[in-house]
Amino acid sequence: MSHYIHYILSLVAISLLPLLASAQSTAEADSAYSQGDYSRAVLLYDSIARQKGVSSELLFNLGNAYARGGDYGNAMVSYLRALRIDPSNSHAKANVLYIESKVAENNRAELKGKKLSLDPDAPSFFSSIRNFIVRDHLSDSWALLAAIFFILFVACLAAYIYFRDVLIRKIGFFGGLSTLFLSVVMVVFSLMAASYHSNEGVILSPKVKLLSEASTSAKEMPVALTRGTRLSILDAQAMEEGKVPEWYKVRLNSDFVGWISAKDFLPVEP
């Protein structure tokens, strides 16, 4: 009997080893961060992400380590990726706004009197609605709402079929139509959110001037954009079809549209 107990305890211990190793690694990364060794914290958090997979919390911590080390580019990417996993991560949202304010200051310093706008394109009314559906909420959230409305539809249908009171039957009929419609809408929203792919990227190099063409010899814009600037991706160009893009055509606003090398830029979603 004791042999079997020992065997079971050994299996349990072996199964817990990956969890204990992960916890130890996270504790080590947290310790490096608290001690101000941000470069080591970045390496440790990144190693955990590669070995164990990412989470919103892990990416948030990685972003904090980058930000404390002065790397606003990778910090912004980490925060935005954290929000893709969990759009309700309020701490990541707050830090995105903080980094944006710092980057805006750095970009204004690069203007040096030139009359150019640094404000990103404001989303249209319909773009704002679409972002609310596909970017600010997870597909699972819409799917859960779809299930709830469908259950309500079944309840309304049952009320319409089994009750003889006219008022209850009317409530069941019109309530059933409404909840069925909402359930279908939520399913559509869920599918839209599931297929969403961010078209944003972030500048990683300290300063970059956009180019008129995808070439190092192309004409440069007169003003550089600094690390951490968020840009919309309009196009991508690779040397061979199916390969990783080497150039991206990006846009901040009508004053800043051009090409940027992939070594200076990182898409939020690969």
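For the structure itself, consult the block above.
Bear in mind that the values here come from a model prediction, so they are computed numbers and not experimental data.

**Structural notes on the side chain of Asp264**
- One can find Asp264 in the loop between strand S6 (256–261) and strand S7 (265–267).
- Look at Asp264 and you get buried, because its relative accessible area is 14%.
- A distance of 2.5 Å separates a polar atom in the side chain of Asp264 from a polar atom in the side chain of Ser205.
- Setting aside residues up to four positions removed in sequence, Asp264 forms contacts with Val202, Ile203, Leu204, Ser205 and Val208.

**Details of the sheet that holds S7**
- Judged by pairing direction, the sheet is antiparallel, and its 5 strands sit side by side in the order S6-S5-S4-S1-S7 without closing on themselves. Of all the strands in the sheet, just S6 and S7 have a single pairing partner and so form its edges. When the angles between neighbouring strand axes are averaged without regard to direction, this sheet yields 40°.
- The sheet contact formed by strand S4 (residues 230–237) and strand S5 (residues 247–253) spans 5 bridges and is antiparallel. Bridge assignment links Asp235 to a residue of S5, and that residue is Lys249.
- Along the sheet, helix H4 (residues 72–85) makes contact with strand S1 (200–203), S4 and S7, crossing S1 at roughly 155°.

**Structural notes on the pattern of salt bridges**
- One pass over the full model with this rule turns up 10 salt bridges.
- A salt bridge links Arg50 to Asp46; its shortest N-O distance comes to 2.8 Å. Of this pair, Arg50 and Asp46 both sit in helix H2 (residues 38–52), 4 residues apart, which is roughly one turn of the helix.
- Of the residues examined, Arg50 reaches a relative accessible area of 69% and is grouped as exposed.

**Notes on the nonpolar core**
- Within the largest apolar cluster, 30 residues are counted, with the highest numbers of intra-cluster contacts made by Tyr45, Leu62, Met76, Tyr79, Leu80, Val96 and Ile99.
- Broken down by secondary-structure element, the contributors of at least two residues to this core are helix H1 (2–34), H2, helix H3 (56–68), H4 and helix H5 (90–111).
- By residue number, the principal contributor to this core is H4, which donates 8 residues.
- Residues in contact with Val96, not counting those within four places in the same chain, are Met76, Tyr79, Leu80, Leu83 and Arg230.

**Notes on the packing of aromatic side chains**
- Considering all chains together, one arrives at 9 aromatic pairs under this definition.
- Between Tyr33 and Tyr38 the ring centres are 5.4 Å apart and the planes differ by 65°, which places this aromatic pair in the edge-to-face class.
- Here Tyr33 falls in the partly exposed class, since its relative accessible area comes to 24%.
- The class for Tyr38 is partly exposed, based on a relative accessible area of 24%.
- Between Tyr248 and Phe265, the ring centres sit 5.3 Å apart and the planes meet at 50°, which makes this aromatic pair tilted. Pair noted here: Tyr248 is in strand S5 and Phe265 is in strand S7, with a separation of 17 residues, a long-range link.
- Residue class for Tyr248 comes out buried when judged on its relative accessible area of 9%.
- Judged by its relative accessible area of 2%, Phe265 falls in the buried class.
- Three or more aromatic residues joined by ring pairs make a cluster, and in this case those are Phe132, Trp142 and Phe189.

Conventions we followed
- Residues numbered from 1 in each chain as written.
- Predicted model: local features only at pLDDT ≥ 70, side-chain atom pairs only at ≥ 80, totals over all residues.
- Heavy atoms only, no water.
- Helix = DSSP H or I, 4+ residues; strand = E, 2+ residues; numbered from the N terminus.
- Buried < 20%, exposed > 50% of the residue type's maximum accessible area, 1.4 Å probe, protein only.
- Polar contact = N/O pair within 3.5 Å; in protein donor to acceptor, adjacent residues only side chain to side chain.
- Contact = heavy atoms within 4.5 Å.
- Pairing = 2+ DSSP bridges.
- Axes fitted to C-alpha atoms, helices over the stretch in contact; angles between N-to-C directions.
- Salt bridge = Lys/Arg side-chain N within 4 Å of Asp/Glu carboxyl O.
- Core = buried A, V, L, I, M, F, W, Y, C linked by side-chain atoms within 4.5 Å.
- Phe/Tyr/Trp six-rings, centres within 6.5 Å; stacked < 30°, edge-to-face > 60°.

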